[in-house]
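Coordinate inspection notes
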Amino acid sequence: MNALLKLEDVNAFYGSAHILHGMNLTVNPGERVALIGRNGVGKTTVVNTILGLATMRGGRIGLGAKTLPRPRPYLAAQNGVVVVPQGRRIVANLTVEENLQLGAAVGRKGPWSVPEIYKLFPILQERAHTPGTALSGGQQQMLAVGRALMANPALILLDEPTEGLAPVIVDQLGVIFNQVAAQGTALLLIEQNMSLVVRVAERYCAMAKGSVVAQGKVENTKQSLHDLEAHVMV
Ligand SMILES: Nc1ncnc2c1ncn2[C@@H]1O[C@H](COP(=O)(O)OP(=O)(O)OP(=O)(O)O)[C@@H](O)[C@H]1O
């Protein structure tokens, strides 16, 4: 079976700034992979390169059976790879429900619809006609995940979804990510909170200076937590 996402020896740039150096990463159907590393190592640039927002010069990005000669945001979504961006990017002058409907614009068929999202996140139904940015941080993150699911993705890239959220909300999101994964959607979780990583991910890739320097299995144990934290400590 083809990988949902495969980066092979990818080099990526912002202008002349060379950020990714021979980046390799694979996510297979249904997998839950964590991409970790200190601030500034290039994790968001991996996402931006898949979307075509950073310039790829050299290497290959494969989505399912396709290789992308020129990555673009709509190509990722059409091929089942959807991003929950860092900072969530909820559209301010749209309601919660309208923000959800935006996610369906790509037109992929699948199980997710507004009523299904409301079953997963009842609070979004309660706030359906409220402006999206009037929600709390945790609720906005649920909305961002719901909007991604509306595209019926095979893989969701979550870029630091718990940044700035209270521990109790992080715990709730962990449960939700596991529910989404249990329904068959693969996850690539970019995260600094290793206690969330051990609860959600089954495998990790650790980055330093624009490439992967370590990878392995994640277990929900103190030892695994300790080993992972070594990759993000400053
Ligand atoms: N638009 C840009 N133009 C030039 N350099 C950039 C741009 N965006 C990010 N960088 C640089 O690229 C490097 C990698 O940044 P990136 O955001 O990918 O790191 P990260 O691992 O996601 O870190 P963080 O956890 O802080 O988000 C950093 O040195 C950053 O300063």
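Looking at an unreviewed UniProt entry, one finds the chain named ABC transporter ATP-binding protein, with Rhodoferax koreensis as its source organism. Under the heading Sequence similarities (unreviewed entry), UniProt records this for the chain: "Belongs to the ABC transporter superfamily."

Turning next to the environment of Gly216. In this structure, Gly216 sits in strand β11 (residues 211-217). With 12 C-beta atoms counted inside 10 Å, the residue Gly216 sits in the exposed group.

Okay, the packing of helix α6 (residues 137-149) against helix α7 (residues 167-182) next. Orientation of α6 relative to α7, taken along the N-to-C sense of each, is 15 degrees, at an axis distance of 10 Å. It follows that α6 is roughly parallel to α7 by the angle criterion. Viewed along their axes, α6 and α7 form a crossing whose handedness is right-handed. Judged by residue contacts, Gly138, Gln141, Val145 and Leu149 of α6 engage Ile169, Gln172, Leu173, Ile176 and Val180 from α7. Looking at side-chain class alone, the contact of α6 with α7 contains six nonpolar, three polar and no charged residues.

This part covers unusual backbone geometry. The backbone phi angle of Asp9 is positive, close to 50 degrees, even though this residue is not glycine. Looking at the secondary structure, you find Asp9 in strand β1 (residues 5-14). A positive phi is found at Glu160, a non-glycine position, where the angle reads about 45 degrees. Checked against the element boundaries, Glu160 lands in the loop between β8 (155-159) and α7.

Looking now at the site of the ligand. In the vicinity of the ligand, the residues found are Tyr14, Ala17, Ile19, Gly37, Asn39, Gly40, Val41, Gly42, Lys43, Thr44 and Thr45. Taken together, the elements giving at least two residues each to the shell around the ligand come down to β2 (17-27) and α1 (43-51). Here the element with the most residues in the shell around the ligand is α1; it accounts for three residues. Partitioning the shell around the ligand into residue classes produces four nonpolar, six polar and one charged.

Counting 69 residues, the largest nonpolar core has Val81, Leu155, Leu188 and Val197 as its most contacted members. If one sorts the elements of this core by residue count, α6 sits on top with six residues.

At a closest axis distance of 6 Å, the pairing of helix α3 (residues 96-103) and α6 adopts a crossing angle of 35 degrees. Of the two possible hands of crossing, α3 and α6 adopt the one that is right-handed. Between α3 and α6, the residues in contact are Val96, Asn99, Leu100, Leu102 and Gly103 and Leu143, Gly146, Arg147 and Ala148, respectively. Taken together, the residues of the contact of α3 with α6 sort by class into five nonpolar, three polar and one charged.

Take the sheet that holds strand β3 (residues 32-36) next. One open sheet holds the six strands; their spatial order is β7-β8-β9-β3-β10-β11, and the pairing between them is mixed. Two strands bound the open sheet, and with one partner strand each, they are β7 (81-84) and β11. Each strand of the sheet is rotated relative to its neighbour by a mean of 20 degrees, with strand direction disregarded. With four bridges connecting them, β3 and strand β9 (residues 186-190) associate as parallel partners. Note that in β9 the partner of Ala34 across the bridge is Leu189.

Each turn of an α-helix holds 3.6 residues, which means side chains three or four residues apart point in the same direction. The element α1 is largely enclosed, with a buried count of seven among its nine residues. Residues of α1 that are buried: Lys43, Thr45, Val46, Val47, Asn48, Thr49 and Ile50. One or two residues past the end of α1 sits Gly52, with phi positive at roughly 80 degrees.

For β9, the buried fraction is high: five of the five residues fall into the buried class. Burial of the side chains of β9 extends over both faces: Ala186, Leu188 and Ile190 are buried on one face and Leu187 and Leu189 on the other. Sheet topology places β8 next to β9; five bridges connect them, and they run parallel. Across the sheet, residue Leu157 finds its bridge partner in β9, namely Leu188. A crossover connection joins β8 to the parallel β9 through α7; in handedness this β-α-β unit is right-handed.

Criteria and thresholds
Residues numbered from 1 in each chain as written. Predicted model: local features only at pLDDT ≥ 70, side-chain atom pairs only at ≥ 80, totals over all residues. UniProt positions renumbered as here; feature names shortened; annotations may be inferred. Helix = DSSP H or I, 4+ residues; strand = E, 2+ residues; numbered from the N terminus. Buried ≥ 20, exposed ≤ 12 C-beta atoms within 10 Å, placed from the backbone. Axes fitted to C-alpha atoms, helices over the stretch in contact; angles between N-to-C directions. Parallel < 35°, antiparallel > 145°, perpendicular 65-115°, else oblique. Left-handed = near helix turned anticlockwise from the far one by under 90°. Contact = placed C-beta atoms within 7 Å. Nonpolar A, V, L, I, M, F, W, Y, C, P; charged D, E, K, R; others polar. Near = placed C-beta within 6 Å. Core = buried A, V, L, I, M, F, W, Y, C linked by C-beta atoms within 7 Å. Pairing = 2+ DSSP bridges. Right-handed = clockwise from strand over helix to strand, strands pointing away.

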